[in-house]
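# Tertiary structure, described
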Amino acid sequence: MWSDNETSKDLLGFKVHADLIRSVVTNPKLLPVTLGVFGDWGSGKTSIMKMLENDLDPENYPPGAPERAKYEKIAVLYFNGWLFEGYDDAKSALLSSILLQLGEHKRFGPKIKEKVAGLLKSVNWMRVAKFGVKEIGMPALAAYITGGASIVPSLMSTGKKALGSILPTKEDEETGEEGESKSDINWEEMIKEDKSEASAMDVRTFRQDFEKLLKDTNIESLVVLIDDLDRCSNERIIENLEAIKLFLNVERTAFVIGADPRIVRHAIEVRYAQMKFKDERDPVEASERLVTDYLEKLIQVPYRLPKLSPAEVESYMALLFCARDVEDETLLGKVHKACDEQRCANRYSVFGYAAVKEAFGEAELPSTLSESLIFSSSIAPLITEGLKGNPRQVKRFLNAYFLRKELARVAGLQSIRDDILVKLMVLEYGHYKQFMDLFEWQAKQEGRPTELKRLEAVLAPPDGNFENEDEAKQIAPEWSSSFMRRWVAMEPLLSDIDLRDYFWVARDKLSSTLSGVSMIPPFVRTILEDILSSNAGRMGRAFDSTLKLSTDDRILLLNQIEKHILRNPDQKVGYDALRGLIEKDVIESIEILARILLNVPADAIPPAVGNDLITLQRSKQELNKHFEPVIKQLKSTETKIGRALKPIEKRR
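Since this is a predicted model, take the numbers as computed values, not measurements.

### Things to note about the overall build of the chain
- Each helix and strand in the chain was counted, giving 32 helices and five strands.
- Counting contacts in the chain only where the partners sit at least 6 residues apart, residues at least 24 apart contribute 74% of the total.
- Accessible surface, the chain: about 31,100 Å² in total, of which carbon and sulfur atoms supply 50%.

### Re the pattern of salt bridges
- Summed over the entire model, instances satisfying the criterion amount to 32 salt bridges.
- Glu 53 is the partner of Lys 50 in a salt bridge, and the nearest nitrogen-oxygen pair spans 3.9 Å. Of the two residues, Lys 50 and Glu 53 are both situated in helix α2 (residues 45-55); the distance of three residues between them amounts to about one turn of the helix.
- Residue classification places Lys 50 among the partly exposed positions, given a relative accessible area of 22%.
- You can call Glu 53 partly exposed: its relative accessible area is 29%.
- Residue Lys 584 pairs with Asp 544 through a salt bridge whose shortest N-O separation is 2.8 Å. With Lys 584 in the loop between α28 (572-583) and α29 (588-599) and Asp 544 in helix α26 (residues 536-546), this residue pair connects regions lying 40 residues apart in the sequence.
- The network of salt bridges with shared partners includes Asp 40, Asp 260, Arg 262, Arg 304 and Asp 553.

### Examining the environment of Asn 624
- Locating Asn 624 in the fold gives a position in helix α31 (residues 624-635).
- Once residues within four sequence positions are removed from consideration, Asn 624 is found in contact with Gln 617 and Pro 629.

### Section: empty space enclosed by the protein
- All chains considered together, the criterion is met by three cavities of 30 Å³ or more.
- Here the largest cavity is characterised by a volume of approximately 40 Å³.
- Lining the largest cavity we find Arg 404, Leu 421, Leu 424, Met 425, Glu 428, Phe 435, Tyr 502, Phe 503 and Ala 506.
- Secondary structure elements with two or more residues in the lining of the largest cavity: α18 (418-430) and α23 (500-505).
- Sorting elements by how many residues they give to the lining of the largest cavity places α18 first, with four residues.

### Brief notes about the packing of aromatic side chains
- For the structure shown, the criterion picks out five aromatic pairs.
- Taking the centre distance of 5.8 Å and the plane angle of 50° together, the rings of Tyr 61 and Tyr 71 count as tilted. Here the residue Tyr 61 occupies a position in the loop between α2 and α3 (66-71), and Tyr 71 occupies one in helix α3, the gap between them amounting to ten residues. For the pair Tyr 61 and Tyr 71, one class covers both residues: buried.
- Ring geometry for Phe 439 against Phe 503: centres 5.6 Å apart, planes inclined by 45°, an arrangement best described as tilted. In this pair, Phe 439 is assigned in helix α19 (residues 432-444) and Phe 503 in helix α23, connecting sequence segments 64 residues apart.
- Members of the aromatic cluster, joined through ring pairs, are Phe 321, Tyr 401 and Phe 402.
- Geometry around Phe 402 places Arg 324 over its ring, the cationic atom sitting 4.9 Å from the centre.

Cut-offs and rules
- Residues numbered from 1 in each chain as written.
- Predicted model: local features only at pLDDT ≥ 70, side-chain atom pairs only at ≥ 80, totals over all residues.
- Heavy atoms only, no water.
- Helix = DSSP H or I, 4+ residues; strand = E, 2+ residues; numbered from the N terminus.
- Contact = heavy atoms within 4.5 Å.
- Areas by Shrake-Rupley, 256 points an atom, 1.4 Å probe, with all protein chains shown as cover.
- Salt bridge = Lys/Arg side-chain N within 4 Å of Asp/Glu carboxyl O.
- Buried < 20%, exposed > 50% of the residue type's maximum accessible area, 1.4 Å probe, protein only.
- 1 Å grid on protein atoms, 1.4 Å probe; cavity = no way out; pocket = protein on both sides within 12 Å on 5 of 7 lines; lining within 4 Å.
- Points joined across faces, edges and corners; volume = space filled by probe spheres on them.
- Phe/Tyr/Trp six-rings, centres within 6.5 Å; stacked < 30°, edge-to-face > 60°.
- Lys NZ or Arg CZ within 6 Å of the ring centre and 35° of its normal.

Structure representation (structure tokens):
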């Protein structure tokens, strides 16, 4: 098993990306700069941040090394936006965090801590301005911030809460592993003792004072790493971006922002949704252009992380297995060094069994490691295809796989084959609806479903003749996607395998008791929340965002909507979501809505759904073949929706 945490150890071959980014943020000719490290959830953004933080620390180089001298005048600060999600003002949180880390920096802090206190005082004013002065009162506020008075007892509770969170206290400071404060600076007292005038600065003044502060420290480059921005709410994302804008064009600064660009774009769209583009021929295009312009002005250098290839996935798994099975740190270091050298020589080669064995030299490979390396070679292409080359999903997949293997061992299921278990788990992770279809088929037929046999006959025929694909679509239309056709045809074929034991070890998923196995990307989760919000504006934007999803992500979204309706059949919002997607020509949603209405108890379906069906049929005649059987079945029931449909049909 492996932890799901980020690491500064390069198991992915991502150091090349970290080195490229490092060359940009340490080049005085390119500063100031804001660089976006873009990638999907789990793509390795945080690990790159940790590598940068590690590589820019001069103490990680031996005395006399040129890197040590070069990075002595570079300060690196790390900010996790998600940790401040519950903060009353994310903009002030980011500004305060940067100032506090700089003031406590062991190489630069002692020279500037008094100046930092003055800037923190002004940030506090910015923060208080968000609350207004109605509940606090400007005289009391001014007296408190400048240290001339303590909190007025008569303040209202919300005012107390606001003032109580304005200044950093010793209790609020980050603590070390032993629970002791990492800083011995009492910032609360320093701010109160500061004699400079406290006022809410304008942008220009803040930039000027911050730039002067950097000059006083003799810092050649201030690198600020902003991570997990895409985990924040839309409001917090915008507040953080607005804070970053305060530093734009400040000499000697470099910001590195790690995020899924789709979530950031979505937050900007929500922020400016109220803007009207009446004079534009295409309002949607105008809105898209506004979002693009906003991002381009904020982020000068966008850098997209690539997905892992099958060779990279196999090498990654090999290093994971080595980390698990090799206890000798010296030997493990040799393996990592050999992998780095091979990557430099040939980035397309696999660091697998033979390469690891060579790195071991005279030492013997542990039997478990040898078996795992052979196993990783056989499953790498399948995992890459099913998990889209996502490092975090690969690691979680392996953790779940070994849990299943251990369960099979404890239960005495000796016939479980690795390749079959992996193939089924790839389907389970990426296409849950089809996984459940297969479960139901095999459960009724003693583990050998005829439907799968027919699918394999069409999609993986021994003679290579693919002329009868229509037959496969008739079996189950949702199995006709390009991925599903490839999955069916992948070795090993399953039609002659008794699948009952494999689904037995997967019963955690079948009973929905194992959280975290079904991995929904944050962007898909954001769309899902908006599409089920019952808010017309949010739903409309979510419908548009759905059109930009990949086929696999769109199917994942639709599966989640289907699950919501099956759990809450009396809530109309789920049906409204599918109706909106049908109107946007998301064709997969047609089959799902028809299937749900045929299987959900009719007495649980809101009557208004019947009117929606008729409206859809009138606007899109091609829907008749899908919905006529549904309407006929619902009308035959003595339910609210059945009675509601009868007069509507008569009016037609």
